[in-house]
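Below are the chains, spelled out letter by letter.
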Amino acid sequence: MEQALQIQHQILALLGDHPWAGLLHVTDTADSTNTQLKLLADAGAPEGTCLMALEQTSGRGRQGRSFSSPKGHGLYLSLLLRPDCPPEQAGLITPMVAVATCDAIEQTSHVRPQVKWVNDLVLGGKKLAGILAEMDGNWVSNTLNYVIVGIGINLNQLDFPQELSTIATSLRLETGEKTELPQLAAQLIRSLHGMSLDINSRNRAWLPRYRRDCVTLGREVRIIRGPHSETAFAQSIDENGQLIVRYPDGRIEPVASGEVSVRGLWGYT
Ligand code: BTN
């Protein structure tokens, strides 16, 4: 049997009668699961549709970066959400997905990653996973059609291409153990389903966990807007998931994820 189909069967067996079980598609290869899921979303696919690939040939990250997605080494999954909220609240989705992904990793691998605001999961000071949320909505009529959340987790790499080796890690490198893809995928789908209920009920019980696990807080960061960059102190995260920063001249500003890049001053975090 084709490997993707075999993994799909294993995940379905673990999901049992979960409401999203019938909406899972696993494929051997995709250019980008976010790109392919967008086609399904535009054709009317329902919330909970999930596309997972065993490898991506053009995996995408935030700000036009690529996401290395070699076969057999990672979890590459995109989920379609049709949240009942206006576009301005969609900014909360990325931190919610970060918490849901940390929960799933903790439940299956018994280590809890930290979060680099807003969308990177960190283990041992290096990047373990990334989240790319892409939305389709209409700002004039203030409606949100859908959000595609793409999650990429490094599972079983023992080494990385030279350009990534100082900033990237895998669960295998950090725990010494091989991660079983079906187990983690099933747990992630369960965790994301719980999160989707929280989005619609406006439940923010997850926010203290995000703040607790955020490595960016309490650090000097560089706020980069196009060609301009300023150093600031990351002091808190507000109810909308924005990073509150304080500049050396005393100005305090909330920073939304879409508008800036936030970098640590010393190394990756
Ligand atoms: C980042 O690190 O900036 C985000 C990386 C997101 C990668 C995932 S893998 C599944 C989905 N498909 C993609 O092309 N990207 C996301």
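Residues numbered from 1 in each chain as written. Predicted model: local features only at pLDDT ≥ 70, side-chain atom pairs only at ≥ 80, totals over all residues. Heavy atoms only, no water.

> How should I be thinking about the overall build of the chain in this particular structure?
Scanning the chain for helices and strands turns up six helices and 12 strands. Taking 269 residues into account, the globule formula puts the C-alpha radius of gyration at 18 Å, and the chain, at 18 Å, falls close to it. For the chain, the spread of C-alpha atoms along the three principal axes comes to 65 × 45 × 30 Å. Buried residues in the chain amount to 49% of all 269 residues. Summarising the internal contacts of the chain: among those between residues at least 6 apart in sequence, 64% fall at separations of at least 24. Just so you have it, the chain exposes about 12300 Å², and 50% of that area is on carbon and sulfur atoms. Taking the average place of the 24 positive charges on the side chains of the chain and the average place of its 28 negative ones, the gap between the two points comes to 4 Å. (Helix = DSSP H or I, 4+ residues; strand = E, 2+ residues; numbered from the N terminus. Rg over C-alpha atoms; globule rule 2.2 N^0.38 Å. Buried < 20%, exposed > 50% of the residue type's maximum accessible area, 1.4 Å probe, protein only. Contact = heavy atoms within 4.5 Å. Areas by Shrake-Rupley, 256 points an atom, 1.4 Å probe, with all protein chains shown as cover. Lys, Arg positive; Asp, Glu negative; His and termini not counted. Charge placed at Lys NZ, Arg CZ, Asp CG, Glu CD.)

> Help me out: how do you make sense of the packing of helix α1 (residues 3-15) against helix α5 (residues 181-201) in this one?
Geometrically, a packed helix pair is captured by the angle between its two axes and the distance between the axes. Packing of α1 against α5 brings their axes to within 9 Å, and their N-to-C directions diverge by 50°. As summarised for this structure, α1 and α5 are arranged oblique, according to the angle between their axes. In this structure, the crossing between α1 and α5 has a hand that is right-handed. Here I7, Q10, I11, L14 and L15 of α1 lie close against α5, whose contacting residues are L181, P182, Q183, A185, A186, I189 and R190. (Axes fitted to C-alpha atoms, helices over the stretch in contact; angles between N-to-C directions. Parallel < 35°, antiparallel > 145°, perpendicular 65-115°, else oblique. Left-handed = near helix turned anticlockwise from the far one by under 90°.)

> In this structure, what is going on with the nonpolar core? I would like to understand it.
Counting 65 residues, the largest nonpolar core has I11, L75, L77, W117, I153, L192 and Y210 as its most contacted members. Apart from residues lying up to four places away in sequence, L75 is in contact with I151, G152, I153, L155, L181, L184, A185 and L188. Of all hydrophobic cores here, the second largest spans seven residues; its members include A41, A45, L80 and Y146. (Core = buried A, V, L, I, M, F, W, Y, C linked by side-chain atoms within 4.5 Å.)

> Looking at this structure, I do not really get the environment of P254. What am I missing?
Summarising the element assignment, P254 is placed in strand β11 (residues 252-255). Considered as a pair, P254 and I151 are 103 residues apart in the sequence and their alpha carbons are 25 Å apart.

> Mind showing me how you'd approach the sheet that holds strand β8 (residues 220-225) here?
Within a sheet, adjacent strands bond to each other through the backbone by hydrogen bonds, running parallel or antiparallel. Reading across the sheet, the five strands line up as β11-β10-β9-β8-β12 and stay open at both edges, with antiparallel pairing between neighbours. Across the chains shown, the open sheet's two edge strands, defined by having one partner strand only, are β11 and β12 (261-264). Sheet twist, expressed as the average angle between the axes of neighbouring strands with direction ignored, equals 45°. (Pairing = 2+ DSSP bridges.)

> Help me out: how do you make sense of helix α3 (residues 93-109) in this one?
Three- or four-residue spacings in an α-helix give side chains the same orientation, since the helix completes a turn every 3.6 residues. Compared with an ideal rise of 1.5 Å per residue, which puts 17 residues at 24 Å, α3 spans 24 Å between its outermost C-alpha atoms and is within 8% of the ideal. In terms of burial, α3 is largely enclosed, as 14 of its 17 residues are buried. (Expected span 1.5 Å × (residues − 1).)

> Looking at this structure, how should I read the site of the ligand?
Taken together, 20 residues sit near the ligand, with S32, Q56, R60, R62 and K127 positioned nearest. Take Q56: an N or O atom from its side chain is 2.9 Å from a nitrogen atom of the ligand. Between the ligand and R62 there is a distance of 2.7 Å, counted from an oxygen atom to a backbone nitrogen or oxygen. Here the ligand has 420 Å² of accessible area as a free molecule, and 98% of this is covered by the chains. (Near = heavy atom within 4 Å. Polar contact = N/O pair within 3.5 Å; in protein donor to acceptor, adjacent residues only side chain to side chain.)

> Can you help me understand α5 in this one?
The end-to-end C-alpha distance of α5 is 30 Å, a good match for the 30 Å that 21 residues give at a rise of 1.5 Å each. A positive backbone phi angle near 60° is found at R202, which sits one or two residues after α5.

> Honestly, the sheet that holds strand β7 (residues 143-154) in this entry has me stumped. Any pointers?
Taken together, the seven strands give an open sheet; going across it, the order is β1-β2-β3-β7-β6-β5-β4, and neighbouring strands pair in mixed fashion. Here the strands that pair on one side only, and so sit at the sheet edges, are β1 (24-30) and β4 (114-116). Sheet twist, expressed as the mean angle between neighbouring strand axes with direction ignored, is 20°. Pairing geometry for strand β2 (residues 50-56) and strand β3 (residues 74-81), over four bridges, is antiparallel. Bridged to L51 within β3 is S78. Seen against the sheet, helix α2 (residues 33-42) touches β1, β2, β3, β6 (126-138) and β7 and runs at an angle of roughly 155° to β7.

> Sorry, what's going on with the pattern of salt bridges here?
Close approach of charged atoms lets side chains of opposite charge pair. What the rule picks out here adds up to 14 salt bridges. Note that E253 and R225 form a salt bridge whose closest N and O atoms lie 3.4 Å from each other. Placement of the pair is E253 in strand β11 and R225 in strand β8, with a sequence separation of 28 residues. Of the charged contacts, one joins E230 and R251 as a salt bridge, the two residues approaching to 2.7 Å between their closest N and O atoms. Here E230 is found in strand β9 (residues 228-237), whereas its partner R251 is found in the loop between β10 (243-246) and β11, with 21 residues between them in sequence. The partly exposed category is assigned to R251, whose relative accessible area is 38%. Here the salt bridges share partners, and the residues they tie into one network are D103, E106, R112, R209, R212 and D213. (Salt bridge = Lys/Arg side-chain N within 4 Å of Asp/Glu carboxyl O.)

These results come straight from atomic positions and should not be treated as a statement about function.
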